[in-house]
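# Commentary on secondary and tertiary structure
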Amino acid sequence: MASIKLIPVIDLKDGVVVHAKYGQRDHYAPIQSVLSKHPDIDSVLNGLLALHPFDTLYIADLNAITKTGNNTEIIHHILKEFPKVTFWIDAGYIEPQAFPRNYIPVLGSEYINKNSASYLAQFHHQCILSLDYGAHGEMLGETVLWQESNYWPNDVILMTLARVGSAQGVASKELQYFSEAYPHRQFIAAGGVRNMNDIAVLEKYNVKAILLASAFHLGAISAEDLNFEQKNTPAS
């Protein structure tokens, strides 16, 4: 368990942090959290960093992903405010560009639906790929993107949207398939993690990191849990 990196997720919509649930983005409501009294990103982020000194966080700009505006100004404010934290940013379909030093783009298969190989190649592996399962368990995006691992960057997320915020547990079937089909790869799991017991289950699926939000905001994973994990991480 100690070898798996935990990465908090912040979902932004209309300028506030929302509670992602089942991938039904039209119904996401402002977050209610034991870590923060307010749903603005500064309050939520400070609450997470008070819980544990995370060095990596994931931010999803849901407006940008759904093409209903964006939260770019807020995100760039956070990048400047926390220069020592690395942010994985999913802001929908974007062009390769000079990103801030602590910004790593996340590219989701849900919106890479054509010419995926040439699109990914433009980033020269300086990105993270998210292979997204839809609300009904369907693979989103071009089939070739799911099957040809030579197109993948070093870090690949397996995102099961139907399990996000669901408290249903991890997507064992999908993780088992990918860990067996690509044994030389380590994946990043996202969706359904409820507590430290679920994290322990993921050890056998060749998972290098986990994206999670609800478990932190509900208090299911505490500072004591995270401190225990850090103390028991083998020295490199």
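Presented here is a report on the structure given in the accompanying data block. Model, not experiment: these values are computed from the prediction.

What counts, and at which threshold
Residues numbered from 1 in each chain as written. Predicted model: local features only at pLDDT ≥ 70, side-chain atom pairs only at ≥ 80, totals over all residues. Heavy atoms only, no water. Helix = DSSP H or I, 4+ residues; strand = E, 2+ residues; numbered from the N terminus. Buried < 20%, exposed > 50% of the residue type's maximum accessible area, 1.4 Å probe, protein only. Contact = heavy atoms within 4.5 Å. Polar contact = N/O pair within 3.5 Å; in protein donor to acceptor, adjacent residues only side chain to side chain. Phe/Tyr/Trp six-rings, centres within 6.5 Å; stacked < 30°, edge-to-face > 60°. Pairing = 2+ DSSP bridges. Salt bridge = Lys/Arg side-chain N within 4 Å of Asp/Glu carboxyl O.

## With respect to the overall build of the chain
The helix and strand inventory of the chain stands at nine helices and 10 strands. Each of the 236 residues in the chain was classed as buried or not, and the buried ones make up 50%. Sequence-distant contacts, at least 24 apart, represent 62% of the contacts inside the chain between residues at least 6 apart.

## A short note on the side chain of Asp132
Topologically, Asp132 is positioned in strand β7 (residues 128-133). According to the relative accessible area criterion, Asp132 is buried, its value standing at 2%. Side-chain polar atoms of Asp132 contact the side chain of Ser130, separated by 2.5 Å. Setting aside anything within four residues of it in sequence, one finds Asp132 in contact with Gly108, Ser109, Glu110, Glu138, Met139, Leu140, Trp146 and Met159.

## Quick notes on the environment of Lys208
With respect to the element layout, Lys208 can be found in strand β10 (residues 207-212). Residue Lys208 is classed as partly exposed on the basis of its relative accessible area, which comes to 32%. Put simply, Lys208 and Ala189 are 19 residues apart on the chain and 8.2 Å apart in space, counted from C-alpha to C-alpha. Not counting the four nearest positions on each side in its chain, Lys208 is found in contact with Ser3, Ile4, Lys5, Asp155, Gln186, Phe187 and Ile188. A distance of 2.8 Å separates polar atoms of two side chains, one belonging to Lys208 and the other to Asp155.

## Some remarks on the environment of Phe178
Tracing the backbone through its elements, the reader meets Phe178 in helix α6 (residues 172-181). Leave out the neighbours within four places in its chain, and Phe178 touches Leu131, Tyr133, Trp146, Trp152, Leu158 and Phe187.

## Focus: the packing of aromatic side chains
Applying the stated criterion across every chain, the model contains 13 aromatic pairs. Both rings, one in Tyr119 and one in Phe123, keep their centres 5.3 Å apart while their planes meet at 80 degrees; by these two values the pair is edge-to-face. Side by side, Tyr119 and Phe123 carry an identical accessibility label, which is buried. Centroid distance Tyr182 to Phe187: 6.5 Å. Interplanar angle 70 degrees. Geometry classified as edge-to-face. For the residue pair Tyr182 and Phe187, the accessibility class agrees, reading buried in each case. Here a set of aromatic residues connected by ring pairs shows up, and it is made of Tyr133, Trp146, Trp152, Tyr177, Phe178, Tyr182 and Phe187.

## A few points about the pairing of strand β4 (residues 56-61)
Burial runs high along β4: six of the six residues are buried. Both strand β1 (residues 5-13) and β4 contribute to a ladder of four bridges, which runs parallel. Among the inter-strand pairings, Asp11 is bridged to a residue of β4, identified as Ala60.

## Concerning the pattern of salt bridges
Under the definition given, this model contains three salt bridges. Between Lys208 and Asp155 there is a salt bridge, with its nearest N and O atoms 2.8 Å apart. Linking Lys208 in strand β10 with Asp155 in strand β8 (residues 155-160), this pair joins segments that are 53 residues apart in sequence. With relative accessibility at 18%, the residue Asp155 sits in the buried group. The closest approach of N and O atoms between Arg194 and Asp198, which form a salt bridge, is 2.8 Å. Residue Arg194 is classed as partly exposed on the basis of its relative accessible area of 36%.

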